[in-house]
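Remarks on the overall topology
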Amino acid sequence: MSILSTRRMIVDIGVEVPMRDGVNLAADVYRPSEEGQWPTLLLRLPYDRSDPLMGSQRLVDPAWLARQGFAVVVQDTRGCGESEGDFNIIYQEVNDGYDTVEWAAAQPWSTGKVGIYGPSYMGITSYQAVASQPPHLCAAVAFIGSTKSLADRPNGDAFELSFYSWFACAMTMGQIAKSDLDPAIKADLQGRLMAQITNPDGLSKTLPVSSIDVISDKSLAPLWHEMLEEPGTREIRGPLMGYEPKIGNVALLHVCGYRDFVADHAFKLASTFPSGERHRFIATPFAHRGPYTGFTGARELPETSSPSGPLGWAPLIAAWFDIHLRGGTGEAYPTAQPWLQGDPVRYYLEGENRWENAKNWPPETTAREWHLASDGDARSSLGNGRILAPGETASQEGADQFTADPMNPFPTCGGPLGIPTQGQEAIQDQRLVDGRDDVLVYTSDVLTEPVKIAGHQQLALQFSSSAPDADICVTLVDVEPEGFAYNVCDGVQRCRYRNGGTTDWLEAGKTQEVTVTLHPTAHVFKPGHRIRVMIAGANFPRFSRNLHTKTVPEFATAEEAVAADHKVHHGPSVHSRLILNQMQI
């Protein structure tokens, strides 16, 4: 049957899909009413498929996809919604993804060619189904999904406090609802969890972080306790995509955001495999919610909402599956064509505010070093911190000091946030925070030539502290001629983990090199603009506070917290430097 020819459909509610261990997962199946077999799409979600509030999480209406001539299976993942079993975040999605793909391929209404798609956790289920390599999985479209365990910390091993605490509370609500606890106990626990969810400020300020009400009970919230495990101490319990990357014969299209806090895994995956017609990658300027809303922050960037306006990713998804599941051309979806033509990496170039294509991610670059210097006090944007152009170095040795107080931490201002309760996300004017005296600010001269960067940028600091542990939080900023301080990308390094261990302590007063890797980006600093770097000791409440002790920060008490004096050293023989991966203009 040709595309768009079906006008009626059959919807089977509550279909049981058996897994290899005897657990049944609940699903709804949408398919055209006409006789025949249909290429089959999967959407596997942990948020209860019957919840009307989760409609936007799906990106595309499964009924609309059925009208395009697909059968669509919308399934509650194990332990969620109406599905049986216990929820074992992410690891369960490898085998369950495999079994669901093979079940779908064997149904009488299926052609045997299966695709999977979805954003966020549904992007995770898509990646892990690909990793499991089921024989009948032909294509996948993954949006803003992690390829590894959520306990993995891609951002300098700092703990994503505000999102993960909210997520753990929300998921525990669902698990308690499915439990066999006494109804009165359930109501009490859910009421306490709702109090946490609706008070994000209080939730983030709880110390120790591990003591947050209800989820501190491991029997109720094992997910939270897995997240709290220290980097390097976790057991990898399965062949997740991020640990054992495999695409095989699956045609993979994935969409990431520069300001998405889980995107680093997917950017690395995109750079692992050669791009081509069966592996395409789209890099957007979004934070985690961007694909749902088109929101880019205090700067509304042109042509960024989606292929067909806000919440209009449907044509791209349908076109990809038309091409790779039924041998079509995708031409019935004209708004999808620019995203499927040209070189296989399509990325948004901020600053120029346009889409470009490349053969691979990241595009070809050359590393250039921009050294830091000052006249003795780089605190705040009113200080005298400078960024020197490549080839220049500081004329004299010096150091800039600031005090980081975990009880008055440097605040989050835009960037990679996941939910509205965390604050304003994405692009935000850093002048809101750069006047504090607990941040070092280094700014270049006004540029006379454009500086075009792509991929990860780094800040290599000659750093010392009065504390055995510290967080170094960095924001790269484009200062526009009228003063707007545009956050391009950011990064963090928790020092105790900087060398891959858990006890890589700083020695009080001793200068050591610490490198902070920033989120991927593609950006042009235009002539007339200035390049700026901000260095702080916190990014709160996005990340948990470093209390500057040897206690694991998520288990430390308020009584243990101490203010720490941090120094950044620079000079002819002590090189603190910004390393920009620059493209040819």
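Presented here is an overview of the structure given in this document. In this text the structure is predicted, and so the values were computed from the model without any measurement. (Residues numbered from 1 in each chain as written. Predicted model: local features only at pLDDT ≥ 70, side-chain atom pairs only at ≥ 80, totals over all residues. Heavy atoms only, no water.)

1. A look at the overall build of the chain
When you go through the chain residue by residue, the secondary structure sums to eleven helices and 23 strands. A compact globule built from 585 residues should have a C-alpha radius of gyration of about 25 Å, and the chain, at 24 Å, falls within 12% of that. Among the 585 residues that make up the chain, the fraction classed as buried is 61%. In the chain, of all internal contacts separated by at least 6 residues, the share reaching a separation of at least 24 is 75%. Only carbon and sulfur atoms are counted for the fraction: they give 48% of the accessible area of the chain, which is about 21100 Å². In the chain, 48 side chains carry a positive charge and 70 a negative one; their mean positions are 3 Å apart. (Helix = DSSP H or I, 4+ residues; strand = E, 2+ residues; numbered from the N terminus. Rg over C-alpha atoms; globule rule 2.2 N^0.38 Å. Buried < 20%, exposed > 50% of the residue type's maximum accessible area, 1.4 Å probe, protein only. Contact = heavy atoms within 4.5 Å. Areas by Shrake-Rupley, 256 points an atom, 1.4 Å probe, with all protein chains shown as cover. Lys, Arg positive; Asp, Glu negative; His and termini not counted. Charge placed at Lys NZ, Arg CZ, Asp CG, Glu CD.)

2. Thoughts on the environment of Ala 195
One can find Ala 195 in helix H5 (residues 183–197). It is 9.9 Å that separates the C-alpha atoms of Ala 195 and Cys 169, two residues lying 26 residues apart in sequence.

3. Topic: the side chain of Ser 576
Relative to the helices and strands, Ser 576 resides in the loop between strand E22 (564–570) and strand E23 (577–582). Overall, Ser 576 belongs to the buried group, its relative accessible area being 1%. A distance of 2.5 Å separates a polar atom in the side chain of Ser 576 from the backbone oxygen of His 569. Residue contacts for Ser 576: discarding those within four places in its chain leaves Trp 370, His 371, Leu 372, Ala 460, Leu 461, Gln 462, Val 568, His 569 and His 570. (Polar contact = N/O pair within 3.5 Å; in protein donor to acceptor, adjacent residues only side chain to side chain.)

4. Thoughts on the layout of surface pockets
For the largest pocket, the calculated volume is near 890 Å³. Along the walls of the largest pocket sit 41 residues, with Tyr 47, Met 54, Trp 166, Ala 170 and Met 171 positioned nearest its centre. Broken down by secondary-structure element, the contributors of at least two residues to the lining of the largest pocket are helix H3 (121–132), helix H4 (161–178), H5 and helix H9 (290–293). By residue number, the principal contributor to the lining of the largest pocket is H4, which donates eleven residues. Partitioning the lining of the largest pocket into residue classes produces 24 nonpolar, 13 polar and four charged. (1 Å grid on protein atoms, 1.4 Å probe; cavity = no way out; pocket = protein on both sides within 12 Å on 5 of 7 lines; lining within 4 Å. Points joined across faces, edges and corners; volume = space filled by probe spheres on them. Nonpolar A, V, L, I, M, F, W, Y, C, P; charged D, E, K, R; others polar.)

5. Comments concerning helix H2 (residues 92–105)
With 14 residues, H2 should cover 20 Å at 1.5 Å per step; its first-to-last C-alpha distance of 20 Å lies within 8% of that length. Burial analysis of H2 places eleven of its 14 residues in the buried class, the great majority of the element. Listed in full, the buried residues belonging to H2 are Gln 92, Glu 93, Val 94, Asp 96, Gly 97, Asp 99, Thr 100, Val 101, Trp 103, Ala 104 and Ala 105. (Expected span 1.5 Å × (residues − 1).)

6. Remarks on the environment of Ala 26
Within the fold, Ala 26 resides in strand E2 (residues 24–32). As a C-alpha pair, Ala 26 and Glu 82 span 56 residues in sequence and 5.7 Å in three-dimensional space. Setting aside chain neighbours within four positions, we find Ala 26 in contact with Val 15, Arg 49, Val 74, Gln 75, Asp 76, Glu 82 and Ser 83.

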